[in-house]
Every structure is written in structure tokens, then in C-alpha cells.
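Letter by letter, the chains look like this.
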Amino acid sequence: MAAKILIIDDEESIRLSLRGILEDEGLSVVEAESGEEGLELLGTDIPDLIFLDIWLPGMDGLEALEILSRDYEGLPVIMISGHGTIETAVKALKKGAFDFIEKPLSLEKVVVSARNGLEFSRLRQENLALKTRISSEQPVTLTGVSKAIGDLREVIGRVAPTESWVLITGENGTGKEIVARSIHNQSTRADRPLVAVNCAAIPEELIESELFGHEKGAFTGAEKAQEGKFELADGSTLFLDEIGDMSLKTQAKILRILQEQAFEHVGGRKTIKVDVRVIAATNKDLAREIEAGNFREDLYYRLKVFPLELPPLRDRVEDIPLLINDFMDTLVRQHGFKPIVFSPEALSVLTRYPWPGNVRELKNFVERMFIMFAGDTVTADRLPPEFKPAPRAAEPGAGHAAEAAPLDDLINQGPADLKQARADFEARFLEAKLREFDGNISQLAKAIGLERSSLYRKLKAYNIQTD
């Protein structure tokens, strides 16, 4: 999408001259005859750069510049004047102008100043994105030596350079955002920042404005126009996290936009076209959500161009020591914690734990250990109670009446089949946790990082009584 330039000048000949120069450079131009008209245009559409005449009828250019510097911080403004003096130029620059050029306009000066202003705007956006990335320390690479992670890296390497849309699925805490950032980082769009939206965190009444932007006065509190995430992601990648939590109404609008790559601001009529690559993620089973009437089937297949399912941490236990080391390095660097060491026995216990909250739970656990044992060694007996073997468990289908074997017996005498062994352990874990929370399903679901509906299905499958 071509960069947009707003020219505010009361002389038609100057506007025509500037328009010709800028359009020859492949830029889009909008005109205004006064400061008031220019500010009104900004209420509906924000340009990338402004040429502003100092001498205007009504509100003069310096007054308009003050408002622009206050309300549109970072928007480059190039002042133009036919009666310029050094004093006027200095005053304009002090008020926030990016540059100052004199009439009659020099083609070369206009082109150079416009290019510099647009480059300044681009670098500022990238700098803000970089600061955001550094402050949150969002990783863009996957940690692990397991076959599951090796296969995932290979698939990412294949799909990233393409323009294909990706649908990432997996349990809570498996690292879906890291995978999205890894895909973007290896794509042809990596020179622009990835734009992420957590669909579950935005109130329903605001999500349309967040995604599509809004015009001034579109709703109560909309004091000025604002770009949406789709607009900000033009030429880049838009990551729609927790897509399964989006309402059916918003899903319908998203579908149209994804198909047409065009939309209007909330409260606006102008169609805005964008070039956006979409990566979506969810921890929900969208096929089940479609059956339940909670998710549109057409949107599902529009997003599912290239599906990626992330493995839970319990399926790649050999990566646990590496992940622990990564998290420890980050905590030492960020907070100055004294390093800790996990004994071999403690690591052995941690690799046998099912990690229902996956990598996120592991990260929180490591931070907890740093707080408790900074500069010390964490032995098996220092691990929190939930990591120690429970005294009893239920066989799948046996309910509370069945006694479970101790962990060592389960390993040594239990089924040789890994899938069945995992099911046995999961049933045992869920029953122990259910007792711990006195049968409270809501508290249990929150503690282990599962949706209530998923937890109910698991309890029913293992015939674990909940009353």
C-alpha cells in the first residue's frame, strides 16, 4: 500500500505542484485548503506524512502544528512557506516540525524531504516494535532436541518463506505464539513487525474497533480516528491468538475481510485494502466447536490452509532440562537472581510429572524455585507437593473404588504401551488433583490449565466420579 501524504495549503497551484511531484514518486496524496480542514481529515484517516503551509487563512500553520504534535505524536510534518525566515523556521522546528522548506518549491528538495520524513516514520515504528519485543523478550526460536521439536522446526522452515496462512493448535502453554513468531521471523515479511491480537483478551464490544480501526465519533470515547490491527499489519503478519474465543458476529466480519483483504473502519465508509498474512492459533478443538455451533465452518477452512499441531510437554520430556536452563538464564539476566542448580534426582522427578500447563507451567515453576532457593541446589525433597507421587489413583474405567499402584510399580509392572501408560498416569493425576480441590471442577480446571469442557470429557473418559 502506497504511503499517504496530506498537503495543507490554501494555494491551489502549490497543491497541484506538490501532488504532481509526490505522485510521480508513487505516493498517495490527499489535499486540504485550511488547517481546520486538514485536522478534520485526520479525524477520519491518518497519513504517513504532512506538508503544512505556515501562512493559512483562519488557523495558521504553527497553530495546526501544535495540535498535530500534541495529538499525533511521531507523525512527521514538513512546514512550507513563501515568506520564511530563520526565526520562523526555528520556531516551527521547536514546535515539532520534521523539516522546513521554502517556496518556490524545489523538486529535489521536496522529494528528499518527503523520503526522509517517511523513512523517519518507518524507523520510529520499527523502533517501537523493537522496544516492545525487547521489553517482553518474546523468543522466536524453539528450544529442544526431541524428535517432536525437530520435526516442528523442519515444517516451520518449509512453510515460513511461503505466503500460506497457518492455523496453530495445541494445549494451553505449548508455545503457540513462539511458533507464530518463528514463522514470521523466517518469512519474507520479517523486516516488518508482527502484529499480535489476543482475541480472548479484548471485550466483545471493542474487538471490531481493535481489528478494523475506527473513525472519530464512531462511538462514545472515540475522540480521534485510530488504525486497527489489520491496517498496522499491512505488508506484514497478523497473529490472531485464541481465535476460537471470537464471537460468531465478529467471525462473520473476519471471514469477509480475510477473503477480500479489504475493510472499512468502524463508523467509516472508505474501503481500505491491505496485504496481510494471517497466522491463527487456538487451544480449542475447532471441529467440536463447529459441531456445537460456536465456530463458523467456512472460517475454519479459510484459516486452515496449513495446520500445525504443537506437542504437549509430556510428549517431549527430554526437552525439560534444556527449557529449565533457558528459563534460568533469562531470570538471572532480567532480575539478577543468583543461579540455582537442580539435582539429578529432582530432574528425574520433573521429567515424570505430566505438566498439564505445559511449557508455561514449567516457566512459572522455575521462577518459583528461584524465589525459594536462589543460589542453592534444588533437591527432590525440596520440590513442591504436587510433584511428589500421590498415594493412590484410579485405573481408567474403575472410578474411585479402584486402588492404584505406586509410581514405581506403574513404571515397572504397568503396560508396556506408552499410550496406555500415559492414560494410566493421567487418570491417576486427575483423581489426586480432584481430591485436592474437594471435587471443585472450576478450581481444578484453572489449576491445571484446562478448559472445563475438556476436563469434564477427560473425567468422563476415565469414569472418575465428580459428585
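Calculation rules
- Residues numbered from 1 in each chain as written.
- Predicted model: local features only at pLDDT ≥ 70, side-chain atom pairs only at ≥ 80, totals over all residues.
- Heavy atoms only, no water.
- Helix = DSSP H or I, 4+ residues; strand = E, 2+ residues; numbered from the N terminus.
- Expected span 1.5 Å × (residues − 1).
- Contact = heavy atoms within 4.5 Å.
- UniProt positions renumbered as here; feature names shortened; annotations may be inferred.
- Buried < 20%, exposed > 50% of the residue type's maximum accessible area, 1.4 Å probe, protein only.
- Pairing = 2+ DSSP bridges.
- Axes fitted to C-alpha atoms, helices over the stretch in contact; angles between N-to-C directions.
- Core = buried A, V, L, I, M, F, W, Y, C linked by side-chain atoms within 4.5 Å.
- Domains from an automatic or database assignment.

### Some words on helix α13 (residues 320-335)
Line of reasoning, step 1. Taking 1.5 Å per residue, 16 residues should reach 22 Å; α13 reaches 22 Å between its end C-alpha atoms and fits that length.
Line of reasoning, step 2. Tucked into the core, α13 has its buried residues touching β13 (341-342), α14 (344-352) and α15 (358-373).
Line of reasoning, step 3. Positive backbone phi, at 70°, marks Gly 336, one or two positions downstream of α13.

### Overview of the UniProt feature "modified residue: 4-aspartylphosphate" (unreviewed entry) in the protein chain
Line of reasoning, step 1. Using the residue numbers shown here, the UniProt feature "modified residue: 4-aspartylphosphate" (unreviewed entry) corresponds to Asp 53.
Line of reasoning, step 2. Considering the arrangement of structural elements, one finds Asp 53 in strand β3 (residues 49-53).
Line of reasoning, step 3. Residue Asp 53 is classed as buried on the basis of its relative accessible area, which comes to 2%.
Line of reasoning, step 4. What Asp 53 contacts, discounting residues up to four positions off in sequence, is Ile 8, Asp 9, Asp 10, Gly 61, Ile 80, Ser 81 and Lys 103.

### Quick look at the pairing of strand β6 (residues 166-169)
Line of reasoning, step 1. Direction of pairing for β6 relative to strand β11 (residues 277-282): parallel, over a ladder of four bridges. Bridging from a neighbouring strand, Ile 168 pairs with Ala 281 of β11.
Line of reasoning, step 2. Pairing geometry for β6 and strand β12 (residues 306-309), over four bridges, is parallel. By the bridge assignment, Thr 169 is partnered in β12 with Glu 309.

### Structural notes on the sheet that holds strand β7 (residues 195-198)
Line of reasoning, step 1. Strand order in the open sheet formed by five strands is β7-β8-β11-β6-β12, and the pairing between neighbours is parallel. Because the sheet does not close on itself, it has two edges, and the strands there are β7 and β12. Recorded for the sheet is a direction-independent mean angle of 15° between the axes of neighbouring strands.
Line of reasoning, step 2. Looking at chain direction, β7 and strand β8 (residues 237-241) are connected through four bridges and run parallel. Bridge pairing in β8 places Val 195 opposite Leu 238.
Line of reasoning, step 3. Packed onto the sheet, helix α7 (residues 176-185) meets β6, β7, β8, β11 and β12 and runs at close to 155° relative to β6.

### Examining α15
Line of reasoning, step 1. Here α15 spans 22 Å end to end across 16 residues, near enough to the 22 Å set by a 1.5 Å rise per residue.
Line of reasoning, step 2. Along α15, the positions that sit buried rather than exposed are Asn 358, Val 359, Glu 361, Leu 362, Phe 365, Val 366, Met 369, Phe 370 and Phe 373.
Line of reasoning, step 3. On the buried face of α15, the contacting elements are α13, β13, α14 and β14 (377-378).
Line of reasoning, step 4. Among the residues trailing α15, Gly 375 stands out with phi positive, at a value near 75°.

### A look at the nonpolar core
Line of reasoning, step 1. Of all hydrophobic cores here, the largest spans 39 residues; its most connected members are Phe 342, Trp 355, Leu 362, Phe 365, Val 366 and Leu 455.
Line of reasoning, step 2. Counting residues per element, the ones that place at least two in this core are α13, α14, α15, α17 (418-436), α18 (441-448) and α19 (452-461).
Line of reasoning, step 3. Considering every element that reaches this core, the biggest residue donor is α15, with seven residues.
Line of reasoning, step 4. Lining this core are residues from two domains, each supplying at least three of them: domain 3 (315-387) and domain 4 (408-462).
Line of reasoning, step 5. Once residues lying within four places of it in the same chain are set aside, the contact partners of Trp 355 are Leu 313, Ile 320, Leu 350, Glu 361, Leu 362, Phe 365 and Phe 387.
Line of reasoning, step 6. Grouped together as the second largest cluster of nonpolar side chains are 30 residues, Trp 165, Leu 167, Ile 202 and Ile 243 included.

### Points about the environment of Val 145
Line of reasoning, step 1. Inspection of the secondary structure assignment puts Val 145 in the loop between α5 (107-136) and α6 (147-159).
Line of reasoning, step 2. Its relative accessible area of 62% is what places Val 145 among the exposed residues.
Line of reasoning, step 3. As for Val 145 and Leu 322, which are separated by 177 residues in sequence, their C-alpha atoms are 8.4 Å apart.
Line of reasoning, step 4. If we skip the residues at most four places from it in the chain, Val 145 touches Glu 318, Asp 319 and Leu 322.

### What to know about unusual backbone geometry
Line of reasoning, step 1. Following Lys 103, the chain continues to Pro 104 via a peptide bond in cis, the omega torsion being -5°.
Line of reasoning, step 2. By the element assignment, Pro 104 lies in the loop between β5 (99-102) and α5.
Line of reasoning, step 3. A positive phi angle, close to 55°, is found at Glu 242, a residue other than glycine.
Line of reasoning, step 4. Given the relative accessible area of 14%, Glu 242 is considered buried.
Line of reasoning, step 5. Look at Asn 358: it is not a glycine, yet its phi comes out positive at around 60°.

### Description of the sheet that holds strand β2 (residues 28-32)
Line of reasoning, step 1. With respect to topology, five strands assemble into an open sheet ordered β2-β1-β3-β4-β5, the strand pairing being parallel. Looking at the sheet topology across the chains shown, the edges are occupied by β2 and β5. Strand-to-strand, the axes of this sheet are offset by a mean angle of 20°, without reference to chain direction.
Line of reasoning, step 2. Here four bridges tie strand β4 (residues 77-81) to β5, and the two strands are oriented parallel to one another. In the sheet register, Ile 80 faces β5, and the bridge partner there is Ile 101.
Line of reasoning, step 3. Sheet contacts for helix α1 (residues 12-24): β1 (4-8), β2, β3 and β4; angle to β2, the most-contacted strand, approximately 170°.
Line of reasoning, step 4. Here helix α2 (residues 35-42) sits on the sheet in contact with β1, β2 and β3, set at roughly 135° to β2.

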